[in-house]
Amino acid sequence: MKRSLIIAGVATLLLSGCGAGPEGGSGPATIDYWLWDAAQQPQYQQCADAFHKANPQYTVKITQYGWDDYWNTLTTAFVSGTAPDVFTSHLSRYPDLASQGQLLPITDLVTRDKVDLSMYQDGLADLWVTKDGQRYGLPKDFDTVAVIYNTEKLKEAGIKPEEMSELTWNPQDGGTYEKVIARLTVDQNGRRGDEPGFDKNHVATYGLGLNTSGAGFGQTEWSMYTMSNGWQYADQNPWPSRFNYADPKFKETITWLTSLIDKGYVPSMDIISSGVGQIDTYGAGKYAMVTEGSWNTKTYWALKGVKSALAPTPIGPTGKRASLFNGLADNISAGTDNPDAAWAWVKFLASPACQQDIVAKQAVVFPAIKSATAEAEKAFADAGIDVKPFTMHVKDGTTHLAPISDHWADITAIMTETMDSILSFKSDVNALDPANTKINALFG
């Protein structure tokens, strides 16, 4: 009870303080706020309503776009001078925007208003500070990766749920993880991937789905394998000067992944790039399991006719599991006409009043504030979802911070072409050598 009173008190203080902007206050304003995730729009609308109730002079107008349209539209808006006051940002995108002078730094505002950065999950707040020491965001959530599987298909394959919690992986034979993938794969004649006569050219259900080739990020495609094999993206993070895509550990991991495609256990690039997304394909029963980010969990559970469960990512050669540790924040456009209101809204989005009292209870994402994680776990449990395979990474210390780097758009372009080619069998993994050379040349 004391804890709830303390939380309520903090929320009240944050609410009452939201009216103070960069210059100590402002008049009525409408804050134009953009985000890309339709599943998260309702919870942030609730935050906007609570924010307006505490600050009647401010109204938040929310606009939602799909991921690709979002960044294309935002780029056009910056060029035309019509960018939103505040927008949800990504760790791979904000460094370029900051270097172009498109973002308003909030360093002095965080200091002035004494925002407690220690309330966020360890490491998340540091990711929004550029090399020159300027801060551009406050963490709003975090995400990790786990395995989502179809419980009926698992039962049909004769695999027990408890087996899924202790799977191991290695790049030589795939370990028990590959055995499960093979067992879950079924051809059009009903033969499984581990049975004689399996037809890899006519597969009805793939044991493991794949979203894309992963480009240079591979968050839900291959990062959990490469990092549990002892690989790191670069020489340091954030702000690396050299990347490691030509490292033998990365190459052998990608070689293993392509072997699953060759064996018929994982879909080909033609299927992956057909235009039908991973979620819909899983929902149609064509994937028995997928590796997925926590932000999409509730969407999978909403699929009709499919009962799902979660399992942890497999234990790799390092003896540990691995997951990227990513998170979002909100950026303020440098050209906003309402800097006071924009800062008030950003601060509220990053506060317990939004994250703990509203977002955590919606069971959509995990809020960045540490104390809100338990609230989110309870909300997911109430919805019938045990999310420990996601949160265990934080508790067990098996997270790896998402790469924050200059030139990320160029890195993505180079690695998209390279990884697409490798997973399409148009190139072998040695194509990573020239790709890595091009990437490192970007840093001089």
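An account of the accompanying structure is given in this report. Please read these numbers as outputs of a predicted model, since none were measured by experiment.

### Thoughts on the overall build of the chain
Then, number 1: When helices and strands are tallied, the chain shows 18 helices and 13 strands.
Then, number 2: Relative to its length of 444 residues, the chain is compact, with a C-alpha radius of gyration of 22 Å against a globular reference of 22 Å.
Then, number 3: If one aligns the C-alpha atoms of the chain with their principal axes, the spans along those axes are about 75 × 55 × 35 Å.
Then, number 4: A buried classification covers 55% of the 444 residues belonging to the chain.
Then, number 5: Averaging the positions of the 36 positive and the 50 negative side-chain charges in the chain gives two centres separated by 6 Å.

### Considering the state of the cysteines
Then, number 1: Scanning the model with the defined rule gives 1 disulfide in all.
Then, number 2: Each sulfur of the disulfide joining C47 and C354 lies 2.2 Å from the other. Residues C47 and C354 are joined through a disulfide that is right-handed, its torsion about the S-S bond being 90 degrees. Taken together, the positions of C47 in helix 2 (residues 41–54) and C354 in helix 14 (residues 352–355) put the pair 307 residues apart, joining distant regions of the chain.
Then, number 3: A relative accessible area of 0% places C47 in the buried class.
Then, number 4: Residue C354 is classed as buried on the basis of its relative accessible area of 0%.

### A look at the packing of aromatic side chains
Then, number 1: For the coordinates displayed, the defined rule picks out 37 aromatic pairs.
Then, number 2: When the centroid spacing of 5.5 Å and the interplanar angle of 45 degrees are considered together, the rings of F51 and F348 count as tilted. In this pair, F51 sits in helix 2 while F348 sits in helix 13 (residues 339–349), placing the two residues 297 residues apart along the sequence.
Then, number 3: Relative to W71, the ring of W67 has its centre 5.7 Å away and its plane inclined at 75 degrees; by these criteria the two rings are edge-to-face. Of this pair, W67 and W71 both sit in helix 3 (residues 67–80), 4 residues apart, roughly one helical turn.
Then, number 4: For W71, a relative accessible area of 6% gives the class buried.
Then, number 5: Taken together, the aromatic side chains of F217, W222, W231, Y233, F243, Y245, F250, W408 and F443 make up a single cluster linked through ring pairs.

### Overview of the pairing of strand 2 (residues 58–64)
Then, number 1: Two elements, strand 1 (residues 29–35) and strand 2, share 7 bridges in a ladder whose sense is parallel. By the bridge assignment for strand 2, T30 is matched with T59.

### Some remarks on the pattern of salt bridges
Then, number 1: Using the criterion set out here, one finds 13 salt bridges in the structure.
Then, number 2: Across the pair E195 and R183 runs a salt bridge, and its minimum N-O distance is 3.4 Å. Linking E195 in the loop between strand 6 (186–187) and strand 7 (203–205) with R183 in helix 7 (residues 175–184), this pair joins segments that are 12 residues apart in sequence.
Then, number 3: On the basis of relative accessibility, which here comes to 24%, the residue R183 falls in the partly exposed class.

### Some details on the side chain of Q40
Then, number 1: Examined against the element boundaries, Q40 turns out to sit in the loop between strand 1 and helix 2.
Then, number 2: According to the relative accessible area criterion, Q40 is buried, its value standing at 7%.
Then, number 3: Not counting residues within four places of it along the chain, the set of residues in contact with Q40 comprises D141, V364 and V365.

### Details of empty space enclosed by the protein
Then, number 1: Applying the stated rule across the entire model yields 1 cavity of 30 Å³ or more.
Then, number 2: For the largest cavity, the calculated volume is near 60 Å³.
Then, number 3: Lining of the largest cavity is provided by L35, W36, D37, Q40, Y44, T88, K140, D141 and L328.
Then, number 4: Among the residues making up the lining of the largest cavity, the classes are represented as 4 nonpolar, 2 polar and 3 charged.

### What to know about the sheet that holds strand 1
Paired through backbone hydrogen bonds, the strands of a sheet run either parallel or antiparallel to each other.
Then, number 1: Strand order in the open sheet formed by 4 strands is 2-1-3-11, and the pairing between neighbours is mixed. Of all the strands in the sheet, just strand 2 and strand 11 (329–332) have a single pairing partner and so form its edges. Averaged over neighbouring strand pairs, the angle between their axes works out to 30 degrees when direction is ignored.

### Here's the deal with the environment of I315
Then, number 1: Turning to its location among the elements, I315 is positioned in the loop between strand 9 (308–311) and strand 10 (323–325).
Then, number 2: Remark: the alpha-carbon pair of I315 and G209, spanning 106 residues in sequence, is separated by 19 Å.
Then, number 3: Setting aside anything within four residues of it in sequence, one finds I315 in contact with E166, L167, T168, W169, K320 and R321.

### Topic: helix 7
Then, number 1: With 7 of 10 residues buried, helix 7 lies mostly within the body of the structure.
Then, number 2: Every buried residue belonging to helix 7 is among G175, Y177, E178, V180, I181, A182 and L184, and all of these are buried.

### Section: the sheet that holds strand 8 (residues 289–293)
Then, number 1: Spatial strand order, 8-5-9: 3 strands in an open sheet with antiparallel pairing. Both edges of this open sheet fall to strand 8 and strand 9, since each of them pairs with a single strand only. With direction set aside, neighbouring strand axes in the sheet form an average angle of 35 degrees.
Then, number 2: Looking at chain direction, strand 5 (residues 145–150) and strand 9 are connected through 4 bridges and run antiparallel. Note on strand 9: the bridge partner recorded for V147 is A311.
Then, number 3: Those strands touched by helix 7 are strand 5 and strand 8, and its axis lies near 125 degrees from that of strand 8.
Then, number 4: Contacts from helix 16 (residues 388–396) reach strand 5, strand 8 and strand 9, with the element oriented near 160 degrees to strand 5.

### A look at the side chain of T336
Then, number 1: Structurally, T336 can be placed in the loop between strand 11 and helix 13.
Then, number 2: A polar atom in the side chain of T336 sits 3.0 Å from the backbone nitrogen of N338.

### Things to note about the nonpolar core
Then, number 1: If you look at the biggest cluster of nonpolar residues, it comprises 138 residues, and the most contacted ones within it are Y177, W222, Y233, Y245, M289 and W345.
Then, number 2: Of all the elements, helix 13 adds the most residues to this core, at 8 residues.
Then, number 3: Excluding its chain neighbours within four sequence positions, the residues that come into contact with W345 are I31, Y33, Y44, C47, A48, F51, V60 and V86.

Calculation criteria
Residues numbered from 1 in each chain as written. Predicted model: local features only at pLDDT ≥ 70, side-chain atom pairs only at ≥ 80, totals over all residues. Heavy atoms only, no water. Helix = DSSP H or I, 4+ residues; strand = E, 2+ residues; numbered from the N terminus. Rg over C-alpha atoms; globule rule 2.2 N^0.38 Å. Buried < 20%, exposed > 50% of the residue type's maximum accessible area, 1.4 Å probe, protein only. Lys, Arg positive; Asp, Glu negative; His and termini not counted. Charge placed at Lys NZ, Arg CZ, Asp CG, Glu CD. Disulfide = S-S within 2.5 Å. Phe/Tyr/Trp six-rings, centres within 6.5 Å; stacked < 30°, edge-to-face > 60°. Pairing = 2+ DSSP bridges. Salt bridge = Lys/Arg side-chain N within 4 Å of Asp/Glu carboxyl O. Contact = heavy atoms within 4.5 Å. 1 Å grid on protein atoms, 1.4 Å probe; cavity = no way out; pocket = protein on both sides within 12 Å on 5 of 7 lines; lining within 4 Å. Points joined across faces, edges and corners; volume = space filled by probe spheres on them. Nonpolar A, V, L, I, M, F, W, Y, C, P; charged D, E, K, R; others polar. Axes fitted to C-alpha atoms, helices over the stretch in contact; angles between N-to-C directions. Polar contact = N/O pair within 3.5 Å; in protein donor to acceptor, adjacent residues only side chain to side chain. Core = buried A, V, L, I, M, F, W, Y, C linked by side-chain atoms within 4.5 Å.

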